[in-house]
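Tertiary structure, described
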Amino acid sequence: MKVEAGRQRLLLELADVDARLARLDHRVRTLPEDAAIAETAAGIESARADLVRAEIAAEDLDREYRRMDGEITGMREREQKDSTLLSAGGLAPKALSELQHEVSGLARRRQSFEDDLLELMERQEALGAERDRASATIAHLDGQLSAQRELREEAVAVLTADQDALTGRREEIIGEVPDQLLPIYQRQRDEGKIGAGLLRAQRCGACRMEIDRGTLAAIAAADDDEVVRCEECGAILIRTHESGQ
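Here's the deal with the overall build of the protein
Each helix and strand counted, the protein has six helices and four strands in total. The secondary structure elements of the protein, listed N-terminal to C-terminal, are α-α-α-α-α-β-β-α-β-β. Reported as C-alpha extents along the three principal axes, the dimensions of the protein are approximately 135 × 35 × 25 Å. Within the span of the protein, comprising 245 residues, buried residues form 31% of the whole. Across the protein, contacts joining residues at least 24 apart in sequence account for 77% of those joining residues at least 6 apart. Element-wise, carbon and sulfur atoms account for 50% of the exposed surface of the protein, whose accessible area totals about 15200 Å². Here the protein holds 35 positive side-chain charges and 51 negative ones, and the gap between their average locations is 3 Å.

Here it is as structure tokens:
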């Protein structure tokens with residue numbers, strides 16, 4: 001196949017544009033903003049889980065508080081009733097002794113319950129602080145996430161603009177590339193390979209493999225308009241003054 005050497009060189013620019021588009025695509029898929037967003041979102045989920053655990057624990061403590069408070073109230077009412085009976089007098093010695101013993105026992109039990117209730121209130125206070133911290137963390141991270149998403153949108157907008165510009169330039173180049181070259185180039189691309197590369201320093205600019213002397217001699221003997229391909233990767237080899245041919 002023969003194509004004017006100057007028009008073959010269009011493939012170098014096309015390959016360069018495709019390489020730059022590939023790099024831009026990689027940058028879009030691996031934005032540092034995405035990693036930051038994922039980390040912040042994970043932090044929010046963790047803080048929300050902490051908040052839920054604290055709220056459930058607080059509900060359990062509230063129920064326990066109400067139960068204990070009810071027990072203490074009942075004991076006080078019983079103590080007051082028994083104390084009234086003691087004050088009224090007229091009890092037989094045995095009944096009086098039993099009632100005094102009961103009053104003393106109620107007082108000890110009530111004191112024990114009140115101590116436990118104070119400890120429970122301290123736990124409620126600690127859980128309240130934990131809930132406040134979790135809520136504050138969520139609010140802070142939500143604000144941070146919004147800022148990170150804005151930064152991502154800005155980064156994507158810049159990259160998209162670059163992609164659009166390069167895509168437009170690619171279409172212009174394709175319009176100038178000879179029809180017989182483009183299918184070869186595109187097949188290479190479809191196979192995940194570089195379509196064209198500059199022959200320089202005895203190497204293929206596409207796969208970077210060194211070309212043996214015999215092949216180099218055959219390339220040197222070929223006409224300038226002869227389409228030459230790399231035996232290793234199949235890319236179209238473009239010859240310029242840099243090729244040393």
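Comments concerning the pattern of salt bridges
For the coordinates displayed, the defined rule picks out 23 salt bridges. Close ionic contact of Arg76 with Glu114 constitutes a salt bridge, the shortest N to O distance being 2.6 Å. Placement of Arg76 in helix α3 (residues 32-88) and of Glu114 in helix α4 (residues 93-176) is noted, with a sequence separation of 38 residues between them. Where salt bridges share partners, they join Lys2, Asp223, Asp225 and Glu226 into one cluster.

Here's the deal with the pairing of strand β1 (residues 196-200)
Among the five residues in β1, four count as buried, and that is most of the element. Relative to strand β4 (residues 236-238), β1 runs parallel, the two being bridged by three bridges. Within the sheet, the bridge partner assigned to Gly197 lies in β4 and is Leu237. By the bridge criterion, two bridges tie β1 to strand β2 (residues 203-204) in an arrangement that is antiparallel. Bridge pairing in β2 places Leu199 opposite Cys204. A loop of two residues connects β1 with β2, the two strands running antiparallel in sequence, and Ala201 in this loop sits at a positive phi of about 50°.

A word on the nonpolar core
Judged by nonpolar contacts, the single largest core of 21 residues is most densely connected at Leu11, Ile173, Val177, Leu181, Tyr185, Ala196 and Ile236. Those elements that place two or more of their residues in this core are α2 (10-29), α4, α5 (182-190) and β4. In terms of residue count, α2 provides more of this core than any other element does, seven residues in total. For Tyr185, the residues in contact, after removing those within four places along its chain, are Leu11, Leu14, Ala15, Asp18, Arg170, Gly195, Ala196 and Ile236.

Overview of the packing of α2 against α4
Packing of α2 against α4 brings their axes to within 10 Å, and their N-to-C directions diverge by 155°. Accordingly, the angle class assigned to the pair α2 and α4 is roughly antiparallel. Helix-helix and strand crossings are classified by hand; for α2 and α4 the assignment is left-handed. Contacts from Leu10, Glu13, Leu14, Val17, Asp18, Arg20, Leu21, Leu24, Asp25, Arg27 and Val28 of α2 reach α4 at Leu159, Asp162, Gln163, Leu166, Thr167, Arg169, Arg170, Ile173, Ile174 and Glu176. Across the contact of α2 with α4, the residue classes break down as 10 nonpolar, two polar and nine charged.

Looking at a negative patch on the surface
Negative charge collects at one region of the surface, where Asp115, Asp116, Glu119, Glu122 and Glu125 lie side by side. Along the chain, Glu122 turns up in helix α4. For Glu122, a relative accessible area of 54% corresponds to the exposed category.

Describing the environment of Ile173
Relative to the helices and strands, Ile173 resides in helix α4. On a C-alpha basis, the gap between Ile173 and Thr40 in space is 43 Å, while along the polypeptide they are 133 residues apart. Beyond its immediate chain neighbours, meaning those up to four positions away, Ile173 contacts Leu10, Glu13, Leu14 and Val17.

Side note on the sheet that holds β1
Overall, mixed pairing links the four strands, which are arranged β2-β1-β4-β3 in an open sheet. In the strand order of this sheet, the two ends are held by β2 and β3 (228-229), each with one partner.

How each quantity is defined
Residues numbered from 1 in each chain as written. Predicted model: local features only at pLDDT ≥ 70, side-chain atom pairs only at ≥ 80, totals over all residues. Heavy atoms only, no water. Helix = DSSP H or I, 4+ residues; strand = E, 2+ residues; numbered from the N terminus. Buried < 20%, exposed > 50% of the residue type's maximum accessible area, 1.4 Å probe, protein only. Contact = heavy atoms within 4.5 Å. Areas by Shrake-Rupley, 256 points an atom, 1.4 Å probe, with all protein chains shown as cover. Lys, Arg positive; Asp, Glu negative; His and termini not counted. Charge placed at Lys NZ, Arg CZ, Asp CG, Glu CD. Salt bridge = Lys/Arg side-chain N within 4 Å of Asp/Glu carboxyl O. Pairing = 2+ DSSP bridges. Core = buried A, V, L, I, M, F, W, Y, C linked by side-chain atoms within 4.5 Å. Axes fitted to C-alpha atoms, helices over the stretch in contact; angles between N-to-C directions. Parallel < 35°, antiparallel > 145°, perpendicular 65-115°, else oblique. Left-handed = near helix turned anticlockwise from the far one by under 90°. Nonpolar A, V, L, I, M, F, W, Y, C, P; charged D, E, K, R; others polar. Patch = residues over 30% accessible without salt bridge, like charges linked within 9 Å, V, L, I, M, F, W, Y side chains within 5 Å.

Keep in mind that these numbers describe shape and distance, not what the molecule does.
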